[in-house]
Amino acid sequence: MIKRLLGVVPVVFGVAFLTFLLVHAVPGDPVEVMLGESASSADRMQLQADLGLNQPIYVQFGVYLNKLAHGDLGVSIHSKKPIVDLLAERLPATAKLALLALSFAISIGLPLGIIAALKVNQWPDKLANLLSLSISAMPHFWMGPILMMVFALWLGLLPVSGMESGTAIILPALTLGFGLAAILTRMTRASMLEVLHEDFIRTARAKGLTEYAVILRHALRAALLPIVTVLGLQLGSLLAGTVITETLFSWDGVGSLLVESIEKRDYPVMQACVLVVAFFYVTVNLATDIIYTKIDPRVRFAS
Amino acid sequence: MSLKYWSVWVLVFWGLAAIVVSMVGFQPNQIHLDLILAKPSFVHLFGFDDLGREILPRLLAGAQVSLLVVVLVTTITASTGIMLGLVSGYYGGWVDRALMQITDVFLAFPGTLLAIAFAAVLGAGLSNLILALCVTSWVGYARLTRSQVLSLRQRQHVMAAESLGASTLRIMLKHMLPLLAAPLLVEATYSMAGLVIAEASLSFLGLGIQAPDASWGGMLRDGVRYMVIAPHYVLAVGLSLMSLVLAVNVLGDRLRDYLDVRG
């Protein structure tokens, strides 16, 4: 456990270094890129000093790390506000969206995968396979418009975009959730199929347990282990997906903040968004590893 | 089943379309002001876009960009990744630890996030798009090659070659690489599907190909804007993209089963 925790340290350091390089190694003069060619020389000097660009690069990185360690992500060039405040404004919306998408994915993918495994090579399995294949081929910027067209424009059930009404979260969450649901369906099916052939399932059936208990309490519990790992890894694609999904649905989260900062050439904000998402992803993967050791009796008793 | 090889046919179609568009004098940027957002007809299969340009030739031009990006990025990242993986897996030690540490850092950025950030900093355009995708997509090849080499090192034919005094380069290229071909081919196929989506994502965000040049991502963005009055636009682009990605993924599944690659 401690070894795993320590293993994250160089990764976090590397992530900080790479995001630092992103902005500080911009080809050409970053100040000119950010302010445009028409900026006054006073503004340029100011920004250059703010970013510490007149110092050698290793000093710059040291300053950057020191600020990071104190929770200081710098100041937005565009709005002049501290970036920490900007992120704090936007994070709850993204967290809400991601959590709802995750619960959609689990509540669609898990049952579908179980049914596919139980009816292997029959029509429910084939249908689930067709669905998950097609959905895997639909990036968020194509899934989103389809859902918008069907549920908002044609059926008029849900708002097209925005955040005003309470139901506005459903379409972006579905857009994000479907892709993950497709992967989850395939994983659950494969994992369940492996477990269903095990001896302990035969024993459970021989004991005269109901099929319901055999499937959910005995088979699913054992099948969940690899699924948890995949879920942790795939949460990353969900997080990356928020960039396009939030932009598409005008959802004011970290993803749309990233796109706005790119459009305004507000690189410190962009850097902070990338950094926060990467840190979060690393943390989730670490948590997945730890949960894995907690729920797998083999690993738990070995250590 | 006669439809068994449909994925191959779809790929052949898009491949040929992409090549044909550069040879025949298609004019994807030609504007017909009287046909703005005109609906599909038998003469103009997919209709017209918001500037009165015919959608079909633009789709083909977009396919060409996709193909170019996918081929270039795959060639560059696969050869770099395989080389790094071979060296790392074969020599082990600090080289291996350092490389794995670097790949861990790259893997900490989920999905296309790092490519988006790189493309944003580098600026728009085809060559920067390719550069951003190259920087971020070599990792998979390196990790896969390394893990395979680690197990290959224990194989008898490799040990035999070593004890016969074969050079390291010869062992890597003649005794290991041929056995790596199958899993790498499967990895490359899936990675190509990912690249098609990544290129479209970047162009969708305005970071890739710039107007007036056609790209599927940029066309999708415009299509979404006119979704209410002209749904044929977004549908034509979205379905094209989906058909290509689906075909590549199915081909990947087939290859995996045929070549018996696990995982």
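Visitor: What am I meant to see in the overall build of chain B here?
Guide: Secondary structure summary: chain B contains ten helices and zero strands in total. Written out in order from the N terminus, the α and β elements of chain B read α-α-α-α-α-α-α-α-α-α. In terms of principal-axis extent, the alpha carbons of chain B reach across some 75 × 50 × 30 Å. Residues counted as buried form 51% of the 263 residues belonging to chain B. In chain B, once contacts between residues fewer than 6 apart in sequence are set aside, the share between residues at least 24 apart is 71%. With the model as given, the accessible surface of chain B reaches about 12,400 Å², and the carbon-plus-sulfur share is 66%. Here chain B contributes 16 positive and 14 negative side-chain charges, whose respective centroids are spaced 10 Å apart.

Visitor: Looking at this structure, how should I read the interface of chain B and chain A?
Guide: How big an interface is tends to be stated in terms of accessible area lost as the parts join. Taken together, the contact between chain B and chain A spans 40 residues of the former and 39 residues of the latter. Summed over both sides, the interface between chain B and chain A buries roughly 3,300 Å², with carbon and sulfur atoms accounting for 87% of that surface. At the junction of chain B and chain A, the tally comes to one salt bridge. Measuring nitrogen to oxygen at the nearest pair gives 3.3 Å for the salt bridge that ties Asp253 of chain B to Arg186 of chain A. If you list the elements that add at least two residues to the side of chain B that touches chain A, you get helix H3 (93–107), helix H4 (113–122), helix H8 (168–204), helix H9 (216–225) and helix H10 (231–259) of chain B. Ranked by residue count, the leading element in the side of chain B that touches chain A is H10 of chain B, at twelve residues.

Visitor: Sorry if this is basic, but what is going on with the packing of aromatic side chains here?
Guide: Describing an aromatic ring pair means giving the distance of the ring centres and the angle of the ring planes. Per the counting criterion, the structure on display carries ten aromatic pairs over all chains. A centroid spacing of 5.3 Å and a plane angle of 25 degrees characterise the contact between Phe141 of chain A and Phe204 of chain B, whose relative ring orientation is stacked. Taken together, the residues span two chains, with Phe141 of chain A in helix H7 (residues 140–154) and Phe204 of chain B in helix H8. Between Phe13 of chain B and Trp14 of chain B, the aromatic rings sit 5.1 Å apart at their centres with planes inclined by 70 degrees, giving edge-to-face as the arrangement. Through a chain of ring-to-ring contacts, the aromatic side chains of Phe13, Phe17, Phe20, Phe61 and Tyr64 of chain A assemble into a single cluster. A cation sits over an aromatic face here: Arg153 of chain B above Tyr90 of chain B, 4.4 Å from the ring centre.

Visitor: Got a minute to help me understand the nonpolar core in this structure?
Guide: If you look at soluble globular proteins, the nonpolar side chains tend to sit buried side by side. In terms of nonpolar packing, the biggest core is built from 115 residues, with Met270 of chain A together with Leu133 and Trp216 of chain B touching the most fellow members. Not counting the four nearest positions on each side in its chain, Trp216 of chain B is found in contact with Trp14, Leu59, Gly62, Ala63, Ser66, Val237, Ser240, Leu241 and Leu244 of chain B. Residues Ala98, Leu110, Leu235 and Val284 of chain A belong to the second largest nonpolar core, which totals 19 residues.

Visitor: How should I be thinking about the packing of helix H6 (residues 123–136) of chain A against helix H8 (residues 170–196) of chain A in this particular structure?
Guide: Between two packed helices, the angle of one axis relative to the other and the distance separating the axes together describe the packing. Residues and elements named next belong to chain A. Closest axis-to-axis distance for the H6/H8 pair is 8 Å, and the angle between their directions is 140 degrees. In terms of orientation, H6 and H8 fall into the oblique class. Where H6 crosses over H8, the handedness of that crossing is left-handed. From H6, Asp125, Ala128, Ser132, Leu133, Ile135 and Ser136 reach across to H8, where they touch Phe178, Gly179, Ala182, Thr185, Arg186 and Arg189. Within the contact of H6 with H8, the residues separate by chemical class into five nonpolar, four polar and three charged.

Visitor: Whenever I open this one, the environment of Lys264 of chain A confuses me. Can you help?
Guide: Mapped onto the secondary structure, Lys264 of chain A falls in the loop between helix H11 (254–263) and helix H12 (267–295). The partly exposed category is assigned to Lys264 of chain A, whose relative accessible area is 42%.

Visitor: Where do I start with helix H2 (residues 55–91) of chain B in this structure?
Guide: Three or four residues apart is the spacing at which side chains of an α-helix point the same way, because the helix has 3.6 residues per turn. With 37 residues, H2 of chain B should reach 54 Å at 1.5 Å per residue; the first-to-last C-alpha distance of 53 Å fits that figure. Directly after H2 of chain B, the chain includes Gly92 of chain B, whose backbone phi takes a positive value near 60 degrees.

Visitor: In this structure, what is going on with the environment of Arg53 of chain B? I would like to understand it.
Guide: Within the secondary structure, Arg53 of chain B is located in the loop between helix H1 (6–23) and H2. Taking the C-alpha atoms as reference points, Arg53 of chain B and Gln148 of chain B, separated by 95 residues in sequence, lie 50 Å from one another.

Visitor: Just to check I follow, could you spell out unusual backbone geometry for this structure?
Guide: As a rule of thumb, non-glycine residues mostly have phi less than zero, and peptide bonds are mostly trans rather than cis. Residue and element names in this part refer to chain A. The backbone of Ser250 shows a phi angle near 50 degrees, a positive value even though the residue is not glycine. You can call Ser250 partly exposed: its relative accessible area is 40%. Phi at Arg265 takes a positive value of approximately 55 degrees, unusual for a residue other than glycine. Relative to the helices and strands, Arg265 resides in the loop between H11 and H12.

Visitor: Even after reading the chapter, I still don't get the pattern of salt bridges, so can you show me in this structure?
Guide: Here the idea is simple: oppositely charged side chains can pair when their charged atoms come close. By the definition in use, this model includes 13 salt bridges over all chains. As a salt-bridge pair, Asp49 of chain B and Arg58 of chain B come within 3.6 Å of each other at their nearest N and O atoms. For Arg58 of chain B, a relative accessible area of 3% gives the class buried. Counted as one network, the salt bridges with shared partners bring together Arg186 of chain A together with Asp253, Arg256 and Asp257 of chain B.

Visitor: Please explain the side chain of Glu54 of chain B as it appears in this structure.
Guide: On the secondary structure map, Glu54 of chain B appears in the loop between H1 and H2. Residues in contact with Glu54 of chain B, not counting those within four places in the same chain, are Gln30, Val43, His44, Leu45, Gly47 and Phe48 of chain B.

Visitor: Whenever I open this one, the side chain of Thr288 of chain A confuses me. Can you help?
Guide: All names here are of chain A. The topology assignment puts Thr288 in helix H12. With relative accessibility at 8%, the residue Thr288 sits in the buried group. When residues no more than four places from it in sequence are discounted, the contact partners of Thr288 are Val228, Thr229 and Gly232.

Visitor: I would appreciate a short explanation of the packing of H3 of chain B against helix H6 (residues 139–152) of chain B in the present structure.
Guide: All names here are of chain B. Axis separation between H3 and H6 bottoms out at 10 Å; the angle between their running directions is 140 degrees. With respect to H6, the element H3 is oriented oblique. Both H3 and H6 take part in a crossing whose hand is left-handed. From H3, Asp96, Met100, Thr103, Asp104, Phe106 and Leu107 reach across to H6, where they touch Val139, Arg143 and Arg146. Residue composition of the contact of H3 with H6, grouped by class: four nonpolar, one polar and four charged.

Visitor: Before we go on, may I ask you to explain a nonpolar patch on the surface in this structure?
Guide: All names here are of chain B. A cluster of nonpolar side chains, contributed by Tyr5, Val8, Trp9, Val12, Leu16, Ile19, Val20, Met23, Val24, Phe26, Leu67 and Val71, occupies part of the molecular surface with about 1,100 Å² of accessible area. Sorting the residues of the nonpolar patch by element identifies H1 and H2 as the ones contributing at least two each. If one sorts the elements of the nonpolar patch by residue count, H1 sits on top with seven residues. Within the fold, Val12 resides in helix H1.

Rules behind the numbers
Residues numbered from 1 in each chain as written. Chains lettered and ligands numbered in written order. Predicted model: local features only at pLDDT ≥ 70, side-chain atom pairs only at ≥ 80, totals over all residues. Heavy atoms only, no water. Helix = DSSP H or I, 4+ residues; strand = E, 2+ residues; numbered from the N terminus. Buried < 20%, exposed > 50% of the residue type's maximum accessible area, 1.4 Å probe, protein only. Contact = heavy atoms within 4.5 Å. Areas by Shrake-Rupley, 256 points an atom, 1.4 Å probe, with all protein chains shown as cover. Lys, Arg positive; Asp, Glu negative; His and termini not counted. Charge placed at Lys NZ, Arg CZ, Asp CG, Glu CD. Buried area = accessible area lost by both parts, 1.4 Å probe. Salt bridge = Lys/Arg side-chain N within 4 Å of Asp/Glu carboxyl O. Phe/Tyr/Trp six-rings, centres within 6.5 Å; stacked < 30°, edge-to-face > 60°. Lys NZ or Arg CZ within 6 Å of the ring centre and 35° of its normal. Core = buried A, V, L, I, M, F, W, Y, C linked by side-chain atoms within 4.5 Å. Axes fitted to C-alpha atoms, helices over the stretch in contact; angles between N-to-C directions. Parallel < 35°, antiparallel > 145°, perpendicular 65-115°, else oblique. Left-handed = near helix turned anticlockwise from the far one by under 90°. Nonpolar A, V, L, I, M, F, W, Y, C, P; charged D, E, K, R; others polar. Expected span 1.5 Å × (residues − 1). Patch = residues over 30% accessible without salt bridge, like charges linked within 9 Å, V, L, I, M, F, W, Y side chains within 5 Å.

Scope: geometric values only; no functional claims are made or implied.
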